[in-house]
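# Structure assessment
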Amino acid sequence: MKKNMSIIGVPMDLGQSRRGVDMGPSAIRYAGVVETLENLNYSINDLGDVPVSRPDSKFERQEDNLRNLQQVADANQKLAEMVDKEINGNHFPLVLGGDHSIAIGSLAGIAKHYENLGVIWYDAHGDLNSGDTSPSGNIHGMPLAVSLGIGNEKLTNILGYQPKIKPENIVIIGARSLDPGEKDLIKESGINVYSMHEVDRLGMPAVMSQAIDYLKNRTDGVHLSLDLDGLDPEEAPGVGTPVIGGLSYRESHLAMEMLAESNILTSAEFVEVNPILDHKNKTATVAVGLIGSLFGEKLK
């Protein structure tokens, strides 16, 4: 991985309905992400936070069953432009959320630099809904679909092109809560999914080996999008949409260590840390530990 790294925070909480996740970037910084990476000999350029505008009204505006559409689209446009600039400057972009709707901007800025960008979606959810299929209208449940070109054009056409990624270049790991429309899309498009069933049956070493080999043979870059709710709520309580029966802390460290050894990652983001729902910043500390493993931190 590139030793020059740019950190971009996105204090976004408009892609869902629970307040607090906008403080995620600050919580991750407070837990020591910059110090951890500097100790691993990375040169860090912390660009601060993307500005996120609030709705005019105290009530959440909905358009096409999409909550806060314009504000989410505007922030993701700004994020995409920043990510694009950092990649042009030969920096590894590390994005800190914020809710998972920010992946729309991350992928928009990243994918224009690759012919076949691969994506590892480490998450309890598929995030493959659209306004037509979403039960809630929360855009944080839609970023993967948007990046496939499915959904409202204010989101799908950020930076003026779509789709950003191809379904055959996606690997979802840790899924255990999928809506009916998401299941249909997975079957139709052939997205590669390792649910908790596969993780339990195969074990994390086999899952990661298969995912890495699969992506290494078909992509020219790989983005990791890690939602902290991919971990079990016992391990990461400070998330907005916890789902029991998730990945363990140790399994997740192993996954990050294997990704570090594979040397296939070209960008990454860590999202959905909500300090209001957390216990003594535990989830942000978990995020920093996983970031350390992802970028080469070892016991010996």
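Each chain has its residues counted from 1, following the order in which its sequence is written. The predicted nature of this model means local features are confined to residues of pLDDT at least 70 and side-chain atom pairs, given and counted, to a pLDDT of 80 or more, with totals for whole chains, interfaces and linings taken over all residues. Values reported for side chains reflect all heavy atoms of the structure, with hydrogen atoms and water molecules removed beforehand.

### Some details on the side chain of His91
Going along the chain from the N terminus, every DSSP run of H or I of four or more residues is numbered as a helix, and every run of E of two or more is numbered as a strand. Tracing the backbone shows His91 in the loop between helix H3 (69-88) and strand E5 (92-97). Polar contact criterion, stated in full: a pair of N or O atoms within 3.5 Å, where within protein one must be able to donate a hydrogen and the other to accept it, and residues adjacent in sequence count only if both atoms are side-chain atoms. Within the structure, His91 has its side chain in polar contact with the side chain of Ser6 (distance 2.9 Å). Leave out the neighbours within four places in its chain, and His91 touches Lys2, Asn4, Met5, Ser6, Asn45 and Glu86. Contact between two residues is taken to exist if any of their heavy atoms lie within 4.5 Å; hydrogens are not considered.

### Overview of the packing of aromatic side chains
The geometry of two aromatic rings is summed up by the distance between their centres and the angle between their planes. The pairing test for Phe, Tyr and Trp rings, Trp by its six-membered ring, is centres within 6.5 Å, and the orientation test on the planes gives stacked under 30 degrees, edge-to-face over 60, and tilted for anything in between. One pass over the full model with this rule turns up two aromatic pairs. Between the aromatic rings of Tyr42 and Phe295, the centroid separation amounts to 5.5 Å while the plane-to-plane angle is 75°, which identifies the pairing as edge-to-face. Residue Tyr42 is located in the loop between helix H2 (33-39) and strand E2 (43-49), and its partner Phe295 is located in the segment after helix H11 (282-294); the two are separated by 253 residues in the primary sequence. When sorted by exposure, Tyr42 lands in the same class as Phe295, which is buried. Measuring from centroid to centroid gives 5.3 Å for Phe92 and Phe295, while their planes differ by 85°, and the two rings are edge-to-face. Taken together, the residues Phe92 in strand E5 and Phe295 in the segment after H11 connect sequence positions 203 residues apart. This pair shows no difference in class: Phe92 is buried, exactly as Phe295 is. An aromatic cluster is defined as three or more aromatic residues linked by ring pairs; in this entry it consists of Tyr42, Phe92 and Phe295. Seen from the ring of Tyr42, Lys3 lies directly overhead, with NZ or CZ sitting 3.8 Å from the centre. Charge-over-ring placement is defined geometrically: NZ (Lys) or CZ (Arg) within 6 Å of the ring centre, and within 35 degrees of the ring normal. It is Lys164 that lies over the ring of Tyr161; its NZ or CZ is 4.6 Å from the centre. Each residue is placed in one exposure class: buried if its accessible area under a 1.4 Å probe, protein chains only, is under 20% of its type's maximum, exposed if it is over 50%, and partly exposed if it falls in between.

### With respect to the UniProt feature "binding site: Mn(2+)" (unreviewed entry) in the protein chain
In the numbering used here, UniProt assigns the feature "binding site: Mn(2+)" (unreviewed entry) to His100, Asp123, His125, Asp127, Asp227 and Asp229. Across 130 residues, the annotated set stays spatially compact, with a maximum C-alpha separation of 12.2 Å. Inspection of the secondary structure assignment puts His125 in the loop between strand E6 (117-122) and helix H5 (143-147). Look past the residues within four positions of His125 in its chain and what remains in contact with it is Ser177, Leu178, Asp229, Thr241 and Val243. Along the chain, the position of Asp229 falls in the loop between strand E9 (221-227) and helix H10 (249-262). Not counting the four nearest positions on each side in its chain, Asp229 is found in contact with Asp123, Ala124, His125, Arg176, Val239 and Thr241. UniProt positions are given in the numbering used here, feature names are shortened, and annotations may be inferred rather than shown by experiment.

### Details of the pairing of strand E10 (residues 265-271)
The buried fraction of E10 amounts to six of the seven residues, a majority that puts the element mostly inside the structure. Between any two strands, at least two bridges found by DSSP are needed for them to pair. The pairing of E5 with E10 spans three bridges and is parallel. Within E10, the residue paired with Leu94 across the bridge is Ala268. By the bridge criterion, six bridges tie E9 to E10 in an arrangement that is parallel. What sits directly across from Ser225, in E10, is Glu269.

### Structural notes on the pairing of strand E8 (residues 192-195)
Across four bridges, the pairing between strand E7 (residues 170-175) and E8 is parallel. Bridge pairing in E8 places Val171 opposite Asn192. Orient the strands so they point away from the viewer; a crossover is then right-handed if the path from the first strand over the helix to the second runs clockwise. In terms of handedness, the path from E7 via helix H7 (residues 180-189) over to E8 forms a crossover that is right-handed.

### Considerations on the nonpolar core
Ranked by size, the top nonpolar core spans 51 residues in total, and within it Leu224 and Phe270 carry the most contacts. Element by element, the count of residues in this core is highest for H11, at seven residues. Once residues lying within four places of it in the same chain are set aside, the contact partners of Leu224 are Ile120, Tyr122, Met256, Leu259, Leu265, Ser267, Ala268, Glu269, Phe270 and Leu294. Residues belong to one nonpolar core when they are buried, are Ala, Val, Leu, Ile, Met, Phe, Trp, Tyr or Cys, and are joined through side-chain atoms within 4.5 Å. Among the nonpolar cores identified, the runner-up in size contains 43 residues, and Val52, Ala80, Ile87 and Val271 belong to it.

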